[in-house]
Amino acid sequence: GKIRVYELAKKLGVSSKKLIEVLEDLNVEIRNHMSTLDDETAELIYEMLSEEKKVRNKDDIKKTKEYKTQEEIRVENKIKDKNKKGDKRIIIPDKISIKDLGEKINIEPSKIIKELFEEGIIATINQQISKKDASRIAKKYGFEVVLQDDKEIDNTIDTIDINDIEDQEQEENFVNRPPIVTVMGHVDHGKTSLLDAIRKANVTASEAGGITQHIGAYQVTINGKKIVFLDTPGHEAFTEMRARGAKVTDVAVLVVAADDGVMPQTIEAINHAKAANIPIIVAINKIDKPNANPDRVKQQLSEYGLIPEDWGGDTVCVPVSAINKKGINTLLEMILLVAEMCELKANPKTNAVGTIIEAKLDKGRGPVATVIVQKGTLYIGDAIVAGTAYGRVRAMIDDKGKRLKEAGPSVPVEVLGLSDVPNAGDLLYTVKDEKLARQIAEKRKEKQKESELKQANQKVTLDKLFQKIQKGEVKELNIIIKGDVQGSVEALIRALEKLSYDKVKVKVIHGAVGSVTESDVMLASASNAIIIGFNVRPEPNAKKIAEKEKVDIRTYRVIYNVIDDIELAMKGMLEPSF
Ligand code: GDP
């Protein structure tokens, strides 16, 4: 009979994503992982499997950072040989000019400039480049970059991206990890009710006695697999975390009430999830209501680029009723299916790295922080740093109130033992010992002011746009448009996106009618966007936050002026505004 793509993938032991790629290569017409295949195609694919597995393994190796081509190895060895004599260890300060770096590693500055250029960085001989860039160049020429005394501190202080931490990880240690899900949608469409229904539907007999703890996230099990839900619904919380540099959510569940349909915050949620580049699953809620109209919801969603699967698109829509607990299991199954396509993996056999999702000061227990471990495993007794807080893991408690000795990838736990209350979005990770943890935290406190300034400078503003384009720092200009009427918002989107040229693409990540809100500013901050208000003003609160986050908000009354300004900014000819 017929077999669905994801079923075949399961049989073959490959991911649906991979199988879809193979099918596309073979020009087999399929829509998505739910599409069916005929016998002949399925058999053909099966025969190809042995060959394909080899290809897949090769692809995997390519993906690891350690993979080098023969040519790269040859060149590298040549350079290493050349530098064999003499001490190859060098110390690189935070900033170094290309000229000085050239002297240190005995390479022509022009060569370094060329290297950088090939990486997309345009720099001149006297220009200061970052330690990170300089180290990379030095390493390329066979040098070992030694860090100064406080090397470890500096190193960890600057670590903001969890992907940087595990450079030398071994592919074979990676295992699948449960997806982490955020629920979004318009107010009163049932986000909280849905989160409750999911939590309750999933309490097994053995756990039923346990007291559910609200720790900011909870884990459920469906068909033997786990899913983690963040307990604070809404795109505001989600984007605020993102603005802090945290990447926690893997999948967004968009709740749309079947009786109310797509509303302004629904559209906001769609755009916030899209800006974060995570898949969206739609839960059409309140289908128990007599005036529920799921088809109208699907129609409206299609207008925003979310085409339902049964209409030929690839957006999974699940009708549910949070009140009657209908469709909850199907929704969970669909989340697993979509997550499977994302190939979420993590290495449990390494030092723990996670993100703080909630933190508070508890009268009896001191600072309590909920962390979702994203890599490695956190153990009792580990020395930890989170933002400017440090300490040792004294106890860990899960969402069922159970004390844990260890917490692996995607496990949310309350951690006791920190010196202070960290911020949501702070990265938490283990270090060698508590002394180092304290040093890092203290140094961070000192640096906080400095780095806040630095961060602010990195944000795009129209004044600095051209400079950033020249330096290759900006390849996409993200814009949020708020306007007084739909017509002008649409006209602006069309006109602005037309300004893209080969060096910079103009991308409107959100456009809507209404004044500039706090949520718009956070989205701009998280996505490095500028905000254009057309015949609307920022709300007082939004204005305050924009100042803090250094988000550029410009207001206009004439469409032509908007286009003119953006065009001039892209060419570096805009008069600075104060
Ligand atoms: P939120 O603001 O999105 O978190 O929405 P809530 O979960 O607070 O729900 C808003 C209202 O809708 C509440 O009065 C709920 O009882 C009601 N509600 C939520 N889900 C359903 C549902 O599936 N069916 C019906 N009839 N009402 C629902």
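Report on the accompanying structure.

What counts as what
- Residues numbered from 1 in each chain as written.
- Predicted model: local features only at pLDDT ≥ 70, side-chain atom pairs only at ≥ 80, totals over all residues.
- Heavy atoms only, no water.
- Helix = DSSP H or I, 4+ residues; strand = E, 2+ residues; numbered from the N terminus.
- Contact = heavy atoms within 4.5 Å.
- Areas by Shrake-Rupley, 256 points an atom, 1.4 Å probe, with all protein chains shown as cover.
- Buried < 20%, exposed > 50% of the residue type's maximum accessible area, 1.4 Å probe, protein only.
- 1 Å grid on protein atoms, 1.4 Å probe; cavity = no way out; pocket = protein on both sides within 12 Å on 5 of 7 lines; lining within 4 Å.
- Points joined across faces, edges and corners; volume = space filled by probe spheres on them.
- Nonpolar A, V, L, I, M, F, W, Y, C, P; charged D, E, K, R; others polar.
- Near = heavy atom within 4 Å.
- Polar contact = N/O pair within 3.5 Å; in protein donor to acceptor, adjacent residues only side chain to side chain.
- Axes fitted to C-alpha atoms, helices over the stretch in contact; angles between N-to-C directions.
- Parallel < 35°, antiparallel > 145°, perpendicular 65-115°, else oblique.
- Left-handed = near helix turned anticlockwise from the far one by under 90°.

1. Some words on the overall build of the chain
For the chain, the helix and strand inventory stands at 20 helices and 27 strands. Put simply, 72% of the contacts in the chain that link residues at least 6 apart link residues at least 24 apart. Within the structure as shown, the chain displays about 30000 Å² of accessible surface, and the carbon and sulfur contribution to it stands at 49%.

2. What to know about the environment of Thr430
Residue position: Thr430 is located in strand 23 (residues 427-431). Given the relative accessible area of 11%, Thr430 is considered buried. Between the alpha carbons of Thr430 and Val353 there is a distance of 6.9 Å; along the sequence they are 77 residues apart.

3. As for empty space enclosed by the protein
To find leftover empty space, one rolls a probe the size of a water molecule over the atoms. Throughout the structure, instances matching the rule amount to two cavities of 30 Å³ or more. Along its surface, the second largest cavity is lined by His214, Ile215, Glu358, Ala359, Lys360, Val368, Ala369, Thr370 and Glu414. Broken down by secondary-structure element, the contributors of at least two residues to the lining of the second largest cavity are strand 15 (353-362) and strand 16 (366-375). Partitioning the lining of the second largest cavity into residue classes produces four nonpolar, two polar and three charged.

4. A short note on the site of the ligand
By nearness alone, 15 residues border the ligand, and Asp188, Lys191, Thr192, Ser193 and Asp288 come closest of all. Asp188 has a polar backbone atom sitting 2.8 Å from an oxygen atom of the ligand. At 3.3 Å, a side-chain N or O of Ser321 approaches an oxygen atom of the ligand. Residue contributions to the shell around the ligand peak at three residues, all from helix 10 (residues 191-201). Of the residues assigned to the shell around the ligand, the class counts are three nonpolar, seven polar and five charged.

5. A closer look at the packing of helix 5 (residues 98-105) against helix 6 (residues 109-118)
Running from amino to carboxyl end, helix 5 crosses helix 6 at an angle of 115°, the nearest separation of the two axes being 8 Å. The angle between helix 5 and helix 6 falls in the class roughly perpendicular. Where helix 5 crosses over helix 6, the two elements pack in a sense that is right-handed. Judged by residue contacts, Ile98, Lys99, Leu101, Gly102 and Ile105 of helix 5 engage Pro109, Ile112, Ile113 and Leu116 from helix 6. Its residues assigned to classes, the contact of helix 5 with helix 6 shows seven nonpolar, one polar and one charged.

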